[in-house]
Amino acid sequence: NQQILLDNRPQGEATASNFKLVATDTPPLQDGQVLVRHHYLSLDPYMRGRMNDSKSYAASQPLGEVMIGGTVGEVVESRHPKYAVGDKVVGMGGWQEYSVVDGNTPGLLRKVDTTHVPLSHYLGAVGMPGVTAWYGLVKIIDPKPGQTMVVSAATGAVGSAFAALAKARGCRVVGIAGGPEKCRYATEELGFDACIDHREHPDLKSMARALKEACPDGIDGFFENVGGHILDAVLLRANAFARIALCGMIAGYDGQPLPLQNPALILINRVKIEGFIVSEHMEVWPEALKELGTLVATGKLRPRESVAQGLAAAPEAFLGMLKGKNFGKQLVKLV
Ligand code: NDP
């Protein structure tokens, strides 16, 4: 069983030398346990926060342990009556090829149906990132038909799900993404009404101008994944009583400061800003997953994936994602 451990903590930017690849044997199963062979490992921005030992939205990861991470796979051995060999399951198996899971602990493992939804999507659109988009849109932004929604990191796992959910509610949806290819994909494939390339608008003034053009009626809801000048520009274009779901600030995860230029705009525009952590709202997951599963099964949400091959490729793929090299949900294929 190949595993990737957190070997040492990053000083500034994370690098491949923070990780260590090792091989171990999987222990024999005890009663109530199942052995899962992982087909895909999910790489997510929150993992960067866990590599530090300072306060973050995700708890710090101990050194020398397998990196935490969502996985989908197949039961290959079972000593639990609820799980049979061949069952497809989603869990938190970590950066390794196999995991031994206690089938009696609630929430560790969930069986999934791959008839209409491909297994890998349970780590993306029909998994944690999809529910994240759903929670921010439905519970924080609470959109009305005809209103204008903006999302940053628009073509990623969370952003692409956000677009489909907001379109289903009759909104105008504007994305912000890195590069012409991602922007083209956003409008042609993901259903965005417009998409702004943040690389072409690297400063506040220019981004605010682009937002004015793409959002002629102002901004009613913003789903923030990035932080920095994008948030400042949105505040300049926000309508009165706009809502902002503060989901992520990936531009600062490697330690870059993200000062807010003009916080008075929150007052002037009477903006509601609310941060949230999706795992603290497990009560919405069934409803959210049902809607997301239907959107995928009916072809209304066709999420794209960036797939790295083999466990050893995980560190580079993860570091690349933090710099926007992924195009869609970042996964590692293990089988
Ligand atoms: P993505 O698939 O969107 O990948 C990350 C993307 O972030 C990159 O592709 C890149 O897109 C963008 N990005 C990275 N650095 C920068 C930068 N400096 N400036 C602008 N854009 C940047 O990841 P996810 O969909 O998995 O996650 C999106 C966000 O949601 C993250 O901030 C994450 O932390 C947050 N999140 C929060 C949760 C919560 O519970 N609060 C749960 C899950 C996710 P591009 O090339 O388009 O710029």
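Residues numbered from 1 in each chain as written. Predicted model: local features only at pLDDT ≥ 70, side-chain atom pairs only at ≥ 80, totals over all residues.

Structural notes on the overall build of the protein
Then comes step 1: On a plain count of helices and strands, the protein comes out with nine helices and 15 strands.
Then comes step 2: At 20 Å, the protein has a C-alpha radius of gyration in line with the 20 Å of a compact globule built from 335 residues.
Then comes step 3: By its C-alpha atoms, the protein is 60 × 45 × 35 Å across when sized along the principal axes.
Then comes step 4: Burial statistics for the protein: of 335 residues in total, 45% are counted as buried. (Helix = DSSP H or I, 4+ residues; strand = E, 2+ residues; numbered from the N terminus. Rg over C-alpha atoms; globule rule 2.2 N^0.38 Å. Buried ≥ 20, exposed ≤ 12 C-beta atoms within 10 Å, placed from the backbone.)

Some thoughts on the environment of Leu109
Then comes step 1: Tracing the backbone shows Leu109 in strand β7 (residues 109–111).
Then comes step 2: Judged by the 23 C-beta atoms lying within 10 Å of it, Leu109 is buried.
Then comes step 3: Counting along the chain gives 57 residues from Leu109 to Ala166, while the straight-line C-alpha distance between them is 30 Å.
Then comes step 4: Not counting residues within four places of it along the chain, the set of residues in contact with Leu109 comprises Val89, Gly91, Val101 and Gly103. (Contact = placed C-beta atoms within 7 Å.)

Quick look at the sheet that holds strand β10 (residues 194–197)
Then comes step 1: Taking strand neighbours across the sheet as the criterion, the six strands line up as β10-β9-β8-β11-β12-β13 in an open arrangement whose pairing is parallel. Taken across any chain shown, the strands that pair with only one partner, and hence form the sheet edges, are β10 and β13 (272–275). Taken pair by pair, the neighbouring strands of this sheet meet at an average axis angle of 15 degrees, ignoring direction.
Then comes step 2: As judged from the five bridges shared by strand β11 (residues 219–224) and strand β12 (residues 238–246), these two strands associate in the parallel manner. Residue pairing for β12: Phe222 is matched across the bridge by Ile244.
Then comes step 3: Relative to the sheet, helix α6 (residues 229–237) contacts β8 (148–152), β9 (172–177), β11 and β12, its axis offset from that of β11 by approximately 165 degrees. (Pairing = 2+ DSSP bridges. Axes fitted to C-alpha atoms, helices over the stretch in contact; angles between N-to-C directions.)

Describing the pairing of strand β14 (residues 305–309)
Then comes step 1: Pairing between β14 and strand β15 (residues 329–333): five bridges, direction parallel. Pairing of Glu305 across the sheet is with Lys329, part of β15.

Considering the site of the ligand
Then comes step 1: Inspection of the region around the ligand gives 29 residues, with Gly156, Val158, Gly178, Gly248 and Gly324 positioned closest.
Then comes step 2: For the shell around the ligand, the secondary structure elements donating two or more residues are α2 (128–141), α3 (157–168) and β15.
Then comes step 3: Here the shell around the ligand is composed, by residue class, of 15 nonpolar, 11 polar and three charged.
Then comes step 4: The residues that make up the shell around the ligand include at least three from each of domain 1 (2–124 + 303–333) and domain 2 (128–279). (Near = placed C-beta within 6 Å. Nonpolar A, V, L, I, M, F, W, Y, C, P; charged D, E, K, R; others polar. Domains from an automatic or database assignment.)

Quick notes on the nonpolar core
Here is a general trend for soluble globular proteins: nonpolar side chains tend to be buried in one another's company.
Then comes step 1: Core analysis: the largest hydrophobic core is formed by 98 residues, its most contacted members being Ala161, Phe162 and Val234.
Then comes step 2: Examining the composition of this core, we find that eight residues originate from one element, α3, more than from any other.
Then comes step 3: A domain split of this core shows at least three residues from each of domain 1 (2–124 + 303–333) and domain 2 (128–279).
Then comes step 4: The residues touching Phe162, leaving out its near neighbours within four places in the chain, are Ala133, Leu137, Val151 and Phe223. (Core = buried A, V, L, I, M, F, W, Y, C linked by C-beta atoms within 7 Å.)

What to know about the domain arrangement of the protein
Then comes step 1: The domains assigned to the protein are domain 1 (2–124 + 303–333) and domain 2 (128–279).
Then comes step 2: Each of domain 1 and domain 2 was reduced to a C-alpha centroid, and the two centroids are 28 Å apart.
Then comes step 3: Taken together, the contact between domain 1 and domain 2 spans 15 residues of the former and 15 residues of the latter.
Then comes step 4: Along the lines of polarity and charge, the residues of the side of domain 1 that touches domain 2 split into six nonpolar, six polar and three charged.

Points about unusual backbone geometry
Then comes step 1: The phi dihedral of Ala153 falls on the positive side, at around 50 degrees, and the residue is not glycine.
Then comes step 2: One can find Ala153 in the loop between β8 and α3.

Digging into the packing of α2 against helix α8 (residues 285–297)
Then comes step 1: Packing of α2 against α8 leaves a shortest axis separation of 9 Å and a crossing angle of 105 degrees. The orientation of α2 relative to α8 falls into the category roughly perpendicular. Here Gly130, Val131, Trp134 and Tyr135 of α2 lie close against α8, whose contacting residues are Trp285, Ala288, Leu289, Glu291 and Leu292.
Then comes step 2: Classifying every residue of the contact of α2 with α8 gives seven nonpolar, one polar and one charged. (Parallel < 35°, antiparallel > 145°, perpendicular 65-115°, else oblique.)

Let's talk about helix α5 (residues 204–214)
Think of an α-helix as 3.6 residues a turn; residues three or four steps apart then line up on the same face.
Then comes step 1: Within α5 the residues assigned to the buried category are Met207, Ala210, Leu211 and Ala214. Looking straight down α5, one finds its buried side chains confined to an arc of 100 degrees; they lie on one side. Among the exposed residues of α5, those oriented more than 90 degrees off its buried face are Lys205 and Glu213.
Then comes step 2: Buried residues belonging to α5 abut β9, β10 and α6. (Arc of directions from axis to C-beta.)

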